[in-house]
Amino acid sequence: MSNYHKTVLLKETIDLLDIKEGKRYVDATLGGGGHAFEILRRGGVVLGLDADQEAIDYVREELRIKNQELRFEKKNLTLAKGNFKDIDEIAREYGFEDVKGIIYDLGVSSHQLDSPERGFSFQKEAVLDMRMDRDLNVRADALINVLTKGELYELLTKLGEESHAHVISERIVSARRISPIRTTTELAEIVKKAVPWRKNDKTNPATKVFQALRIAVNDEINNLKEGLVSAFEILEKNGRIAVISFHSLEDRVVKMQFKKWEADGAGAIITKKPITPSANEVEANNRARSAKLRVIEKI
Ligand SMILES: C[S@@+](CC[C@H](N)C(=O)[O-])C[C@H]1O[C@@H](n2cnc3c(N)ncnc32)[C@H](O)[C@@H]1O
């Protein structure tokens, strides 16, 4: 298991993608390559895509090591930095039209969360950055300091489903009148002072605020909507799309799009109910607790 990221629902996802030797697959969220390497191991040919150059560099190095260990054919894994909202264009550029399967394992990797300088974590002091793709222009600190109170309220409500959005947005606006909010820990403290919480709460009171900001900075919901539609374009008949989501906003987008394809006669939903990790997996990897896997087949 890589230090970069503990892969979630590995067997369940790859089993349902039904890997066929020599067929082409796209891993749209490469991360530490956990899913991609399993597809390779089962004989698939993979295009691995990630918006974060660090993921691409990590997997390139892993491939060099594993190549010696496991005798993978290097040519069976192609790596590309890019946003999965453009998956059809990118895939075609690399000769991956008519693919047999596509996987989306959404959200951030443990490596991104655990790298303080990336600004995703409320536990480590860092500039509020939160960009998965460092070529993006807008960081989280820009949003926090520029949005109006009303816009902050809307962001926290819609993207964080934060029930204390009103008081939190008020406190953010008062705090930044004194000086701009620049760091993760400054923001986490403002939230902690604004909302009721108990010492033994399982989740940090700033969790939803950080989630909302991250989704906004990376335009995650729109990317997912566009990414699913463009993924269907490059999928061959009987090909499958597997999506692992980690919160209800994402899951809703996946569920609605899959239902639409089924209603249009374009797809058959394979997972009537989403697949969730076993108790053992959750015990070994707390991040897996909210994972939901949905799979659809193109008809
Ligand atoms: C949860 S991790 C994937 C982990 C991977 N499946 C593994 O087992 O190691 C999600 C990855 O998706 C990438 N990502 C998120 N949104 C993206 C997007 N719109 N386009 C491309 N990559 C994206 C992130 O940078 C991150 O590396």
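Quick caveat: nothing in here was measured; it's all calculated off a predicted structure.

Asks: Please clarify how the overall build of the protein should be interpreted in this entry.
Replies: Broken down by element type, the protein carries 13 helices and 7 strands. Taking 2.2 N^0.38 as the reference for a compact globule, 299 residues should give roughly 19 Å; the C-alpha atoms of the protein span a radius of gyration of 20 Å, in line with that estimate. Principal-axis analysis of the C-alpha atoms gives the protein an extent of 60 × 45 × 40 Å. Considering only contacts within the protein whose residues lie at least 6 apart along the sequence, 70% involve residues at least 24 apart. When the accessible surface of the protein is summed, it comes to about 14500 Å², and 49% of that surface belongs to carbon and sulfur atoms.

Asks: Please explain the site of the ligand as it appears in this structure.
Replies: In the neighbourhood of the ligand, 25 residues make up the surrounding shell, with Thr7, His35, Asp50, Phe84 and Asp105 lying closest. Here His35 contributes a side-chain N or O atom positioned 2.9 Å from a nitrogen atom of the ligand. Side-chain polar atom of Asp105 to a nitrogen atom of the ligand: 2.7 Å apart, as the coordinates give it. If the ligand stood free it would expose 600 Å²; the protein chains cover 97% of that surface. Per-class residue counts for the shell around the ligand are 7 nonpolar, 14 polar and 4 charged.

Asks: In this structure, what is going on with helix H8 (residues 165–178)? I would like to understand it.
Replies: Side chains three or four residues apart in an α-helix point the same way, a direct result of the helix having 3.6 residues per turn. Relative to the 20 Å expected for 14 residues at 1.5 Å per residue, H8 spans 21 Å between its end C-alpha atoms, a close match to the ideal helical length. For H8, the set of buried residues is Ala165, Ile168, Ser169, Ile172, Val173 and Arg176. Summarising the axial view, the buried residues of H8 lie within an arc of 135°, below the 170-degree limit, and thus occupy one face. Residues His166, Arg177 and Ile178 are exposed on H8 and point more than 90 degrees away from its buried face. On its buried side, H8 packs onto helix H6 (140–146), helix H7 (149–160), helix H9 (184–194) and helix H10 (207–217).

Asks: Looking at this model, I keep getting lost on the sheet that holds strand E4 (residues 99–105). Mind explaining?
Replies: Across the sheet, 7 strands lie side by side as E3-E2-E1-E4-E5-E7-E6; this open sheet has mixed pairing. At either margin of the open sheet sits one strand with a lone partner, and together these are strand E3 (77–81) and strand E6 (267–269). Each strand of the sheet is rotated relative to its neighbour by a mean of 15°, with strand direction disregarded. Looking at chain direction, strand E1 (residues 24–27) and strand E2 (residues 45–50) are connected through 4 bridges and run parallel. The residue bridging Asp27 from the neighbouring strand is Gly48, located in E2. Across the face of the sheet, helix H1 (residues 10–17) comes into contact with E1, E4, strand E5 (235–245) and strand E7 (292–298) while running at roughly 165° to E5.

Asks: Teacher, can you tell me more about the nonpolar core here?
Replies: Considering soluble globular proteins, one finds that nonpolar side chains tend to be buried as a cluster. Within the largest apolar cluster, 32 residues are counted, with the highest numbers of intra-cluster contacts made by Val26, Ile87, Ile102, Tyr104, Leu228, Ile241 and Val243. If near-sequence neighbours (up to four positions away) are discounted, Val26 is found in contact with Leu47, Ile87, Phe96, Val99, Gly101, Ile102, Ile103 and Ile234. Residues Val108, Phe120, Ala165 and Ile172 belong to the second largest nonpolar core, which totals 30 residues.

Asks: How do you make sense of the environment of Ser121 when you look at a structure like this?
Replies: Tracing the backbone shows Ser121 in the loop between helix H5 (110–114) and H6. Sequence separation between Ser121 and Thr78 is 43 residues; the distance between their C-alpha atoms is 31 Å. Those residues in contact with Ser121 that sit more than four places away from it in its chain are Leu113, Thr184 and Phe210.

Asks: Which parts of the structure should I look at to understand the pairing of E4?
Replies: Strand residues, when the strand is regular, have side chains that alternate between the two faces of the sheet. Along E4, 7 of the 7 residues are buried, which leaves the element largely enclosed by surrounding structure. The sheet contact formed by E1 and E4 spans 3 bridges and is parallel. Bridging from a neighbouring strand, Tyr25 pairs with Gly101 of E4. Bridge count between E4 and E5: 6 bridges; the pairing is parallel. Note that in E5 the partner of Ile102 across the bridge is Ile241.

Definitions and cut-offs
- Residues numbered from 1 in each chain as written.
- Predicted model: local features only at pLDDT ≥ 70, side-chain atom pairs only at ≥ 80, totals over all residues.
- Heavy atoms only, no water.
- Helix = DSSP H or I, 4+ residues; strand = E, 2+ residues; numbered from the N terminus.
- Rg over C-alpha atoms; globule rule 2.2 N^0.38 Å.
- Contact = heavy atoms within 4.5 Å.
- Areas by Shrake-Rupley, 256 points an atom, 1.4 Å probe, with all protein chains shown as cover.
- Near = heavy atom within 4 Å.
- Polar contact = N/O pair within 3.5 Å; in protein donor to acceptor, adjacent residues only side chain to side chain.
- Nonpolar A, V, L, I, M, F, W, Y, C, P; charged D, E, K, R; others polar.
- Expected span 1.5 Å × (residues − 1).
- Buried < 20%, exposed > 50% of the residue type's maximum accessible area, 1.4 Å probe, protein only.
- Arc of directions from axis to C-beta.
- Pairing = 2+ DSSP bridges.
- Axes fitted to C-alpha atoms, helices over the stretch in contact; angles between N-to-C directions.
- Core = buried A, V, L, I, M, F, W, Y, C linked by side-chain atoms within 4.5 Å.

That is the geometry; function is a separate question.
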